[in-house]
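Chain by chain, the residues run as shown.
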Amino acid sequence: MVLEKASPVEERPLKLVDMPDPVAGPGQIRVSVHACGVCHTEIDEIEGRLPPSRYPMVLGHEIVGVVDGLGPGAKTFSEGDRVGIAWINRACGRCSFCASGAENLCDDAGWTGKDADGGYAAYTVVSEDFAYPIPGRFSDVEAAPLLCAGVIGYRALTRSGLDDGGVLGLYGFGASAHIVIQIARYKYPNGKVFVFSRRNREEHRELAARLGAEWIGATEDTPPEKLDCAIDFTPVGETVPHALRNLQKGGRLVINAIRKRTPIPELEYAQHLWHEKELTSVANVTRWDAEEFLPLAAEVPIVPAVEEFLLEAANDALVLLKEGRIQGAAVLRLMGGR
Ligand SMILES: [Zn+2]
Ligand SMILES: [Zn+2]
């Protein structure tokens, strides 16, 4: 399913085409794709807020499949191994960011499904250094959303500075938040999680309650206690002042979004930032985030809520995701996936 030019998701722009099977280059593996998650970032790519570096492009960066070919010199995996591929596709390995372990900020990094063909396809190729073993307890479809929603949610949670006993606020309750709440409940059993969701999304609220949210309200609500930290997963700017206003003194808000579709309203210093409140973002992921998170996900164990679609129905999945009508994560399944 390829993207040939920027257009609104409602125009169902992805096209099913036949392409030659990719061949693994030096140090690369070829993966027969079994499942690929559908992420908000694809909506930004399709609609031109984060255009791919070329057209046509195969989107998709939450890929689970089986190695079916090794390029020259590739030795980490064997044919038949089940692997995952995430958003980070390559990094330069030499710049100051890479040298300090922040390859997520590398200027020369490439991103799966944006700078290299991704997982909305039967096959993809990737450097063996940017593929990860998938724990056996997850099916292909369950594992897919772990690779972006899960990994970046884990990075956001780490950056939030939450510790045990703290109060965490989650703004928006989709693919990433429903995984983050499970990590937070597991790692910080004495803490509390408050969920802020759109008022008309009853199914998101039910899922939040089932996964252990202490309190659930609307994005503009004031919670019963101040938040020690908050993560904003929403694609809109209006949530930012609400979250900052509800922070405890010294609290931190992490924005987990590559792009916001609407502007952040003007902030008022006294109520939004004074008292050493912090506002930051989470940008991309490193391969080490994936390597740390996947075994943790199996240990918890995370139970991803997944809505399955066939690859050919990718446009439908994207429209539903844009409308906020996906419960948990949307995943495309290919022949052979489980
Ligand atoms: Zn993503
Ligand atoms: Zn670099």
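Residues numbered from 1 in each chain as written. Chains lettered and ligands numbered in written order. Predicted model: local features only at pLDDT ≥ 70, side-chain atom pairs only at ≥ 80, totals over all residues.

Undergrad: How would you sum up the overall build of the protein chain? Please name residues and give values.
TA: Scanning the protein chain from N- to C-terminus turns up 10 helices and 17 strands. In terms of overall size, the protein chain behaves like a compact globule, its C-alpha atoms giving a radius of gyration of 19 Å where 338 residues would be expected to give roughly 20 Å. Reported as C-alpha extents along the three principal axes, the dimensions of the protein chain are approximately 55 × 40 × 35 Å. When the 338 residues of the protein chain are sorted by exposure, 49% land in the buried category. The long-range fraction of contacts in the protein chain, counting pairs at least 24 apart against all pairs at least 6 apart in sequence, stands at 73%. (Helix = DSSP H or I, 4+ residues; strand = E, 2+ residues; numbered from the N terminus. Rg over C-alpha atoms; globule rule 2.2 N^0.38 Å. Buried ≥ 20, exposed ≤ 12 C-beta atoms within 10 Å, placed from the backbone. Contact = placed C-beta atoms within 7 Å.)

Undergrad: Residues and numbers for the domain arrangement of the protein chain, please.
TA: Assigned domains of the protein chain: these are domain 1 (2–148 + 285–333) and domain 2 (151–281). Computed from C-alpha coordinates alone, the two centres of domain 1 and domain 2 are separated by 26 Å. Facing the 23 residues of domain 1 at the interface are 18 residues of domain 2. Counting residues per element, the ones that place at least two in the side of domain 1 that touches domain 2 are α1 (40–46) and α9 (287–299). Considered class by class, the residues forming the side of domain 1 that touches domain 2 number 15 nonpolar, five polar and three charged. (Domains from an automatic or database assignment. Nonpolar A, V, L, I, M, F, W, Y, C, P; charged D, E, K, R; others polar.)

Undergrad: Go over the nonpolar core, please, and point to the residues and values.
TA: In globular proteins that are soluble, nonpolar side chains generally tend to be buried together. Core analysis: the largest hydrophobic core is formed by 105 residues, its most contacted members being Tyr120, Val151, Leu170, Val180 and Leu332. For this core, the element with the highest residue contribution is helix α5 (residues 175–187), accounting for seven residues. When residues of this core are sorted by domain, at least three fall in each of domain 1 (2–148 + 285–333) and domain 2 (151–281). (Core = buried A, V, L, I, M, F, W, Y, C linked by C-beta atoms within 7 Å.)

Undergrad: Any details on the packing of helix α4 (residues 149–160) against α5? Residues and values, ideally.
TA: For the pair α4 and α5, interaxial distance at closest approach is 8 Å and the crossing angle is 55 degrees. Classed by the angle they form, the pair α4 and α5 counts as oblique. Both α4 and α5 take part in a crossing whose hand is right-handed. Across the interface between the two elements, Ala149, Gly150, Ile152, Gly153, Tyr154, Ala156 and Leu157 of α4 pack against Ala175, Ser176, Ile179, Val180, Ile183 and Ala184 of α5. Across the contact of α4 with α5, the residue classes break down as 10 nonpolar, three polar and no charged. (Axes fitted to C-alpha atoms, helices over the stretch in contact; angles between N-to-C directions. Parallel < 35°, antiparallel > 145°, perpendicular 65-115°, else oblique. Left-handed = near helix turned anticlockwise from the far one by under 90°.)

Undergrad: Residues and numbers for the environment of Asp228, please.
TA: The topology assignment puts Asp228 in strand β13 (residues 227–232). Exposure remark for Asp228: the 22 C-beta atoms within 10 Å place this residue in the buried category. A sequence separation of 152 residues divides Asp228 from Thr76, and the C-alpha atoms of the two residues are 41 Å apart. Residue contacts for Asp228: discarding those within four places in its chain leaves Leu162, Gly166, Val167, Gln248 and Gly251.

Undergrad: Which residues make up the sheet that holds strand β11 (residues 192–197), and what values do they have?
TA: Taken in spatial order, the six strands of this open sheet run β12-β11-β10-β13-β14-β15, and their pairing is parallel. The open sheet has two edge strands, β12 (215–218) and β15 (278–281), and neither has a second partner. Adjacent strand axes in the sheet meet at a mean angle of 20 degrees when their direction is disregarded. Both β11 and β12 contribute to a ladder of four bridges, which runs parallel. Among the inter-strand pairings, Phe194 is bridged to a residue of β12, identified as Trp215. (Pairing = 2+ DSSP bridges.)

Undergrad: Outline the pairing of strand β14 (residues 247–255), listing residues and values.
TA: Side chains on a regular strand alternate between the two faces of the sheet. Relative to β14, β13 runs parallel, the two being bridged by five bridges. Along β14, the bridge assignment pairs Ala230 with Leu253. On the question of chirality, the crossover connecting β13 to the parallel β14 by way of helix α7 (residues 239–245) is right-handed. Direction of pairing for β14 relative to β15: parallel, over a ladder of four bridges. Among the inter-strand pairings, Ile255 is bridged to a residue of β15, identified as Ser281. (Right-handed = clockwise from strand over helix to strand, strands pointing away.)

Undergrad: Before we move on, could you go through unusual backbone geometry and cite the residues and values that matter?
TA: For the peptide bond that leads from Tyr55 to Pro56, omega is -10 degrees, which places it in the cis range. Locating Pro56 in the fold gives a position in the loop between α1 and β3 (57–58). Note that the residue after Val300, namely Pro301, is joined by a cis bond; omega there is -20 degrees. Mapping Pro301 onto the fold places it in the loop between α9 and β16 (306–310). At His275, a residue that is not glycine, the phi angle is positive and equals roughly 70 degrees.

Undergrad: How would you sum up the environment of Ala297? Please name residues and give values.
TA: Of note, Ala297 is situated in helix α9. Residues in contact with Ala297, not counting those within four places in the same chain, are Pro135, Leu146, Gly150 and Ile302.

Undergrad: Outline α4, listing residues and values.
TA: Helical geometry note: an α-helix holds 3.6 residues per turn, so side chains three or four residues apart project in the same direction. An ideal rise of 1.5 Å per residue puts 16 Å on 12 residues; α4 measures up with 16 Å between its terminal C-alpha atoms. Taken across its 12 residues, α4 has 10 buried, putting it largely inside the fold. Here α4 has its buried residues at Ala149, Gly150, Val151, Ile152, Gly153, Tyr154, Arg155, Ala156, Leu157 and Ser160. The positive-phi residue at the C-terminal boundary of α4 is Gly161, with phi of around 80 degrees. (Expected span 1.5 Å × (residues − 1).)

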